[in-house]
Amino acid sequence: MHLLYSRFRFLPVCLLLSYFSAAQSLKINEILASNQSILADTSGDYDDWVEIYNSGDEAVDLAGFFISDKTTQPFKWKIPSGSAETIVEAGSFLLLWLDDEPEQGVLHAPFKLDAAGESFLLSSPDSLLLDEWSFGQQTTDISLARQPDGTGEWVFCPAPTPGASNATSTSV
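Conventions we followed
- Residues numbered from 1 in each chain as written.
- Predicted model: local features only at pLDDT ≥ 70, side-chain atom pairs only at ≥ 80, totals over all residues.
- Heavy atoms only, no water.
- Helix = DSSP H or I, 4+ residues; strand = E, 2+ residues; numbered from the N terminus.
- Buried < 20%, exposed > 50% of the residue type's maximum accessible area, 1.4 Å probe, protein only.
- Contact = heavy atoms within 4.5 Å.
- Areas by Shrake-Rupley, 256 points an atom, 1.4 Å probe, with all protein chains shown as cover.
- Lys, Arg positive; Asp, Glu negative; His and termini not counted.
- Salt bridge = Lys/Arg side-chain N within 4 Å of Asp/Glu carboxyl O.
- Phe/Tyr/Trp six-rings, centres within 6.5 Å; stacked < 30°, edge-to-face > 60°.
- Pairing = 2+ DSSP bridges.

Draft legend 1. Geometry of the overall build of the chain. Within the chain, the secondary structure is distributed over 2 helices and 13 strands. Sorting the 172 residues of the chain into buried and exposed places 42% on the buried side. Of the contacts formed within the chain by residues at least 6 apart in sequence, a portion of 56% connects residues at least 24 apart. Counting only carbon and sulfur atoms, one obtains 55% of the accessible surface of the chain, whose full area is about 8,600 Å².

Here it is in structure tokens:
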């Protein structure tokens, strides 16, 4: 019994470290706070969206993570569980719709972004702030995107790239 315990006593620590590593590979990658004609959701609505990028080499399920548009309320909305739609594959992108219409599905948050400017936060299920971006006044159909994906500076993107690698042109 002692040998079995000594072999596996670090397993929970290793699993926890693997979880933290996977969670920290998630980054806010692109934000469109005034969407008039770029991309419609499955209901045909042109709503605000945020793109999350997984820079890691493992898929991460966003179920249980938190997003918010308020720095004073970082755990505003917990992404629901029970759907494969919340999985961000390694090296991939996932769009979250910020449309105040959560009845449209697990990727639809119960709040909208303010095109006049505000913040967006992504936190892990254990309340660790993973990423945050504050932005000013937005121009309709021009997104803010990181170039390169996940790590670069924020730039204006006149040709938004929802669900794909960012192509940008003008620095913020």
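Structure shown, so let's carry the discussion forward.
Draft legend 2. View of the side chain of Asp47. With respect to the secondary-structure elements, Asp47 resides in the loop between strand 1 (26-32) and strand 2 (48-54). Lys112 is the oppositely charged side chain nearest to the buried, salt-bridge-free Asp47, at an N-O distance of 5.5 Å. Excluding anything up to four places from it in sequence, Asp47 contacts Asn35, Asp41, Trp97, Asp99 and Glu101.

Draft legend 3. Structural view of the packing of aromatic side chains. Counted according to the given criterion, the structure contains 3 aromatic pairs. Both rings, one in Tyr53 and one in Phe93, keep their centres 4.9 Å apart while their planes meet at 25 degrees; by these two values the pair is stacked. Taken together, the residues span a long stretch of sequence, with Tyr53 in strand 2 and Phe93 in strand 7 (residues 93-98) at a distance of 40 residues.

Draft legend 4. Region of the structure containing the pattern of salt bridges. Under the definition given, this model contains 4 salt bridges. Lys76 serves as the salt-bridge partner of Asp69, at 2.7 Å between the closest nitrogen and oxygen. Residue Asp69 is classed as buried on the basis of its relative accessible area, which comes to 5%. Notably, a salt bridge pairs Lys70 with Glu118, separated by 3.5 Å at the nearest N-O pair. One end of the pair, Lys70, is in the loop between strand 4 (66-68) and strand 5 (77-78); the other, Glu118, is in strand 9 (residues 118-123), with 48 residues separating them in the sequence. Judged by relative accessible area, Lys70 falls into the partly exposed class, the value being 34%. For Glu118, a relative accessible area of 12% gives the class buried.

Draft legend 5. Quick look at the sheet that holds strand 9. Strand order across the open sheet formed by 4 strands is 5-4-9-10, with antiparallel pairing between neighbours. The open sheet has two free edges, formed respectively by strand 5 and strand 10 (129-135), since each of these has just one partner strand. Here strand 4 pairs with strand 5 via 2 bridges, running antiparallel. Looking across to strand 5, one finds that Phe66 is bridged to Lys78.

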